Amino acid sequence: MEKETIIHRQGVSFLSYRNLTDKSILHGFSLRHGGQSRTPYDTLNLGLHVADNQCAVLENRRRFAEAIGYAPEAVVTGQQVHGHRVTVVTARTKGRGHLQAADAIPGTDGLVTVEPEIVLMAHSADCTVLFFYDPVHVCIGLAHAGWRGAVAGMGPAMIDAMAVQGCLRENIRVALSPTIGPCCYRVGVELTECVPHKYQQTLNRRKDGEIFFNLPELQQLSLLDAGVSKANIITSRYCTHCHTDLFFSHRAAGGVTGRMAGVISLQKQE
Ligand SMILES: [Zn+2]
């Protein structure tokens, strides 16, 4: 199996990661096809927080859930405020953010659970969705981080939260979804001033004065600093901005577009 594979199932396509492929969990990251949303949310928009038709989004979420194999009403989402707060959720929390974005867990970009039958869901369109799995302690997590979250330490905050749950850092596997890549992420000086000094290598200052930021590299470096082993991290081969045929890109679309979703869930052991 390749480290990152596109799976086509029941009219929907999603990415699957080798280090998350295990009988104990379900996971996937959606592509943009196979839904019923219209332009500019075409077609598998899974975000309720954009100005798409809500019925279309719920139908899209139903299709994605069916393709991966979970009950759509078992999802829980955070409000995703570009912060680095992690919330530990239980099966009682399920359904939060399923029918309306206003009901999502407030102030939260990261979710962690040790319980089965709750499906963690996070959204992105250029930002990164980070998947976490510890097969030893059996704990999962899911986080959303664009540059603000990455600079604020979203990845390390997830590792810390999983360590509190009893995970050993070296056992935690991480997969990073497609995100805007260093090929396309031209940034301004205000962003570069927020990047910690030790991660300045993630900024490519070109001779013509343009600056390009390597968001997935910063995510990866901060995870390594948090004690994750390099062999346990998979980064995506796809830049969302380069591949608008496959993914939604907030920047490529000029700010109005749909959202992909990542999901991860522990399976009930027989
Ligand atoms: Zn690109």
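Residues numbered from 1 in each chain as written. Predicted model: local features only at pLDDT ≥ 70, side-chain atom pairs only at ≥ 80, totals over all residues.

**Q** Help me understand the overall build of the chain, please; the structure alone is not making it clear to me.
**A** The helix and strand tally for the chain stands at 5 helices and 15 strands. In terms of overall dimensions, the chain is globule-like: its C-alpha atoms have a radius of gyration of 17 Å, near the 18 Å expected for 270 residues. For the chain, the proportion of its 270 residues judged to be buried stands at 47%. Taking all contacts inside the chain whose residues are at least 6 apart in sequence as the whole, residues at least 24 apart take part in 67%. (Helix = DSSP H or I, 4+ residues; strand = E, 2+ residues; numbered from the N terminus. Rg over C-alpha atoms; globule rule 2.2 N^0.38 Å. Buried ≥ 20, exposed ≤ 12 C-beta atoms within 10 Å, placed from the backbone. Contact = placed C-beta atoms within 7 Å.)

**Q** How do you make sense of helix H5 (residues 215–225) when you look at a structure like this?
**A** Residues spaced three or four apart along an α-helix point in a common direction, a consequence of the helix completing one turn every 3.6 residues. For H5, the set of buried residues is Leu-215, Pro-216, Leu-218, Gln-219, Gln-220, Ser-222 and Leu-223. Two residues or fewer past H5, Gly-227 is found with a positive phi of approximately 100 degrees.

**Q** Before we go on, may I ask you to explain the pairing of strand S6 (residues 110–113) in this structure?
**A** Side-chain positions along a regular strand alternate between the two faces of the sheet. Of the two faces of S6, both are covered, the one formed by Gly-110 and Val-112 as well as the one formed by Leu-111 and Thr-113. Of the strand pairs in this sheet, strand S5 (residues 86–88) and S6 are connected by 3 bridges, and their pairing is parallel. Residue Val-86 lies in a different strand from S6, and its bridge partner there is Gly-110. Here S6 runs beside strand S9 (residues 139–145); their pairing, made up of 4 bridges, is antiparallel. Bridged to Leu-111 within S9 is Leu-142. (Pairing = 2+ DSSP bridges.)

**Q** Looking at this structure, how should I read the sheet that holds strand S15 (residues 260–266)?
**A** Read across the sheet, 6 strands follow the order S1-S2-S3-S15-S7-S4 without closing on themselves; strand pairing throughout is mixed. Looking at strand neighbours, the two that pair on one side only are strand S1 (4–9) and strand S4 (75–77), the edges of this open sheet. Mean inter-strand twist for the sheet, computed between neighbouring axes without regard to direction, equals 30 degrees. Looking at chain direction, strand S3 (residues 25–30) and S15 are connected through 5 bridges and run antiparallel. In the sheet register, Phe-29 faces S15, and the bridge partner there is Gly-262. The strands that helix H1 (residues 54–68) touches are S1, strand S2 (12–17), S3 and S15; relative to S2, the one it contacts most, it runs at about 50 degrees. (Axes fitted to C-alpha atoms, helices over the stretch in contact; angles between N-to-C directions.)

**Q** Teacher, can you tell me more about the sheet that holds S6 here?
**A** Within a sheet, adjacent strands bond to each other through the backbone by hydrogen bonds, running parallel or antiparallel. The strand order across the open sheet built from 6 strands is S5-S6-S9-S8-S10-S14, with neighbouring strands paired in mixed fashion. One side of each edge strand has no neighbouring strand; the edge strands of this open sheet are S5 and strand S14 (233–234). Contacts from helix H3 (residues 154–164) reach S5, S6, strand S8 (128–134) and S9, with the element oriented near 160 degrees to S9. Sitting on the sheet, H5 touches S8, S9, strand S10 (173–176) and S14, and the angle it makes with S8 is about 30 degrees.

**Q** Before we go on, may I ask you to explain H3 in this structure?
**A** Along H3, the residues classified as buried are Met-154, Gly-155, Ala-157, Met-158, Ile-159, Ala-161 and Met-162. Contacts from the buried residues of H3 go to S5, S6, S8, S9, helix H2 (147–152) and H5.

**Q** I tried to follow the environment of Pro-106 on my own but got confused; where do I start?
**A** With respect to the helices and strands, Pro-106 occurs in the loop between S5 and S6. Taking C-alpha positions, Pro-106 is 9.3 Å from Thr-77, a pair spaced 29 residues apart along the chain.

**Q** Could you clarify how one ought to interpret the nonpolar core in this entry?
**A** Here is a general trend for soluble globular proteins: nonpolar side chains tend to be buried in one another's company. If you look at the biggest cluster of nonpolar residues, it comprises 68 residues, and the most contacted ones within it are Leu-120, Phe-131, Phe-132 and Met-158. Broken down by element, this core gets its largest block of residues, 6 residues, from H3. If we ignore the near neighbours within four places in the chain, the residues touching Phe-131 are Tyr-17, Leu-20, His-27, Leu-142, Val-174, Ala-175, Gly-262 and Ile-264. (Core = buried A, V, L, I, M, F, W, Y, C linked by C-beta atoms within 7 Å.)

**Q** For this particular structure, what's the right way to read the environment of Thr-87?
**A** Within the secondary structure, Thr-87 sits in strand S5. The residues contacting Thr-87, other than those within four sequence positions of it, are Gly-78, Ile-105, Thr-108 and Leu-111.

**Q** Would you mind going over the pairing of S1 with me for this structure?
**A** Two strands pair when backbone bridges link them, and S1 and S2 are joined in this way by 6 bridges, in the antiparallel orientation. Bridge pairing in S2 links His-8 to Ser-13. The hairpin formed by S1 and S2 contains 2 residues between the paired strands, and Gln-10 there has a positive phi angle of roughly 50 degrees.

**Q** Even after reading the chapter, I still don't get unusual backbone geometry, so can you show me in this structure?
**A** Backbone geometry follows two general trends: most residues other than glycine have a negative phi, and most peptide bonds adopt the trans configuration. Cis geometry is found at the peptide bond from Thr-39 to Pro-40, where omega equals 5 degrees. Positionally, Pro-40 belongs in the loop between S3 and H1. Between Asp-42 and Thr-43 the backbone carries a cis peptide bond, its omega angle lying at -15 degrees. Tracing the sequence through the fold places Thr-43 in the loop between S3 and H1. Here His-82, not a glycine, exhibits a phi torsion of approximately 60 degrees, which is positive. Relative to the assigned elements, His-82 resides in the loop between S4 and S5.

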